[in-house]
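Listed here are the chains, written in short residue letters.
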Amino acid sequence: MTEQAAPPAGTSPADIPAPAAAAPPILALQGAGYRYHRGGLALDDVSLSIAAGESVGLVGESGAGKTTALRLLLGLDAPSSGAVLFDGEPLNRRDTAQIRRFRSSVQAVFQDPYSSLDPRQRIDRIVSEPLRSLGIASGREAAEQAASALESVGLDADVLRRYPHEFSGGQRQRIAIARAVVCKPRLLLADEPVSALDMSTRIQVIDLLQGLRDRTGLALVMVSHDLGAVASLCERTVVLRGGRVVEAGPTPQLLHAPAEEYTRALIAAVPRLPR
Ligand SMILES: Nc1ncnc2c1ncn2[C@@H]1O[C@H](COP(=O)(O)OP(=O)(O)OP(=O)(O)O)[C@@H](O)[C@H]1O
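All values reported here derive from a predicted model rather than from experimental measurement. (Residues numbered from 1 in each chain as written. Predicted model: local features only at pLDDT ≥ 70, side-chain atom pairs only at ≥ 80, totals over all residues. Heavy atoms only, no water.)

Caption draft 1: Fine view of the sheet that holds strand E1 (residues 27–35). Pairing is antiparallel in the open sheet, where 4 strands are placed in the order E2-E1-E4-E5. Bordering the open sheet on either side are strand E2 (41–50) and strand E5 (89–90), each of which pairs with just one other strand. The strands touched by helix H1 (residues 66–73) within the sheet are E1, E2 and strand E4 (81–86), with E1 carrying the most contacts at an inclination of about 120°. Most of the contacts of helix H2 (residues 96–105) go to E4, to which it runs at about 70°, and overall it touches E1, E4 and E5. (Pairing = 2+ DSSP bridges. Helix = DSSP H or I, 4+ residues; strand = E, 2+ residues; numbered from the N terminus. Contact = heavy atoms within 4.5 Å. Axes fitted to C-alpha atoms, helices over the stretch in contact; angles between N-to-C directions.)

Caption draft 2: Spatial organisation of the nonpolar core. By size, the foremost hydrophobic cluster in this structure holds 82 residues, and its most contacted members are Leu27 and Leu189. Considering each element in turn, this core owes the most residues, 6 residues, to helix H5 (residues 169–181). Once residues within four sequence positions are removed from consideration, Leu27 is found in contact with Leu48, Ser49, Ile50, Leu73, Val84, Leu85, Phe86, Phe102, Val106, Leu187 and Leu189. (Core = buried A, V, L, I, M, F, W, Y, C linked by side-chain atoms within 4.5 Å. Buried < 20%, exposed > 50% of the residue type's maximum accessible area, 1.4 Å probe, protein only.)

Caption draft 3: Quick peek at unusual backbone geometry. For Asp45, which is not a glycine, the phi torsion comes out positive at approximately 55°. As for its position among the elements, Asp45 is in strand E2. Residue Asp45 is classed as partly exposed on the basis of its relative accessible area, which comes to 48%. For Glu192, which is not a glycine, the phi torsion comes out positive at approximately 50°. For Glu192, the location among the structural elements is in the loop between strand E7 (187–191) and helix H6 (199–216). Exposure remark for Glu192: the relative accessible area of 7% places this residue in the buried category.

Caption draft 4: Examining the site of the ligand more closely. Looking at the ligand, the residues that line it are Tyr36, Ala42, Glu61, Ser62, Gly63, Ala64, Gly65, Lys66, Thr67, Thr68 and His225. One of the side-chain N or O atoms of Ser62 is found 2.5 Å from an oxygen atom in the ligand. Within the contact set of the ligand, an oxygen atom lies 3.3 Å away from a side-chain nitrogen or oxygen of His225. Notes on the ligand: free accessible area 640 Å², of which the protein chains cover 57%. In terms of residues, the shell around the ligand owes the most to one element, H1, which gives 3 residues. For the shell around the ligand, the residue count by class is 3 nonpolar, 6 polar and 2 charged. (Near = heavy atom within 4 Å. Polar contact = N/O pair within 3.5 Å; in protein donor to acceptor, adjacent residues only side chain to side chain. Areas by Shrake-Rupley, 256 points an atom, 1.4 Å probe, with all protein chains shown as cover. Nonpolar A, V, L, I, M, F, W, Y, C, P; charged D, E, K, R; others polar.)

Caption draft 5: Structural view of the UniProt feature "domain: ABC transporter" (unreviewed entry) in the protein chain. Within this structure's numbering, the places UniProt gives as "domain: ABC transporter" (unreviewed entry) are residues 27–267. Within the segment residues 27–267, helix and strand shares are 39% and 24% respectively, and the terminal C-alpha atoms sit 27 Å apart. (UniProt positions renumbered as here; feature names shortened; annotations may be inferred.)

Caption draft 6: Molecular detail of the sheet that holds strand E6 (residues 106–109). Strand order in the open sheet made by the 6 strands is E6-E7-E8-E3-E9-E10, with mixed pairing throughout. The outermost strands of the open sheet, each flanked by one partner alone, are E6 and strand E10 (244–250). The average undirected angle you get between the axes of adjacent strands in this sheet is 15°. Relative to strand E8 (residues 219–223), E7 runs parallel, the two being bridged by 5 bridges. In the sheet register, Leu187 faces E8, and the bridge partner there is Ala219.

Caption draft 7: Structural detail: the environment of Leu266. Relative to the helices and strands, Leu266 resides in helix H9 (residues 261–268). A relative accessible area of 19% places Leu266 in the buried class. Excluding its chain neighbours within four sequence positions, the residues that come into contact with Leu266 are Val59, Gly60, Glu61, Leu227 and Val239.

Caption draft 8: Molecular detail of the side chain of Asp77. Along the chain, the position of Asp77 falls in the loop between H1 and E4. Asp77 sits in the buried class, given a relative accessible area of 15%. Within the local environment of Asp77, its side chain forms a polar contact with the side chain of Arg71, the two groups lying 2.7 Å apart. Residues contacting Asp77, with those up to four places away along its chain left out, are Tyr34, Arg71, Leu72 and Arg93.

Caption draft 9: Fine view of the pattern of salt bridges. Applying the stated criterion to the full structure yields 12 salt bridges. In this structure, the salt-bridge partner of Arg236 is Glu54, at a minimum N-O distance of 2.7 Å. Separated by 182 residues along the polypeptide, Arg236 in strand E9 (residues 236–241) and Glu54 in the loop between E2 and strand E3 (55–59) bring together distant segments of the chain. According to the relative accessible area criterion, Arg236 is partly exposed, its value standing at 23%. The exposure class of Glu54 is buried, given its relative accessible area of 15%. The partner of Arg213 in a salt bridge is Asp214, with the nearest N and O atoms 3.1 Å apart. When salt bridges that share partners are traced, they join Arg122, Asp124 and Arg161 into one network. (Salt bridge = Lys/Arg side-chain N within 4 Å of Asp/Glu carboxyl O.)

Now the structure itself:
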């Protein structure tokens, strides 16, 4: 039961402001299903939501449906059944005004930092691209925001005139993260963001994501096989198996006292949980 203070003498109920309605989650899957043209049901009745500032891990064995779920959340594919909700409204790829708001609020980072950056473009063009394509900034203003995004991922502005091939995998992933955060999104969707990196670079990129999350309140959805990365970054974890959610809950609880045998087996398959 919640307690409610009595109104001060002389005030009528109409004078008392109504409690603010809770904001809807930034993004949600609502009973979402997805079937590939030549495949079976890759996702089946999946519901999950990401509130402002929240970090959610999506785990499961290969083929569980993690990438498919992320593609629906990113609006790259439309669900075959159910819905994707953005700020509480169904995501409609034909609603250009909504899609513009969506793109400036929800950005992505992918696994392979080698293929995700256009090799013919200089870093300044790559990092400032979301600003130009969303009409947020151009010219000098876009260049300044790109430099500041690079600074936020630990790279100096002198990288701006260089090309992707001049950088290591970890530096390229930092550049990809700078491009994702340059328009100050509310949510970052990351598909295996550290799995192509060696162990020490992995830890640096996890620390970077952790720092961005803590400093800016950025919400995060991370698909990962690396339960150590999920433990470091995600307060909540959703376990997928065969396209369905088998278990979800606070990450420490889920990793240390899993309710499902499937989750126990996933954890047991990890040599150790780093850090
Ligand atoms: N383009 C496609 N056409 C047909 N079936 C597909 C396609 N992409 C994925 N699938 C199938 O959909 C299911 C879910 O795949 P998905 O890639 O989402 O899994 P995942 O959990 O991300 O796996 P991994 O960890 O290996 O990346 C699998 O059965 C997969 O074979």
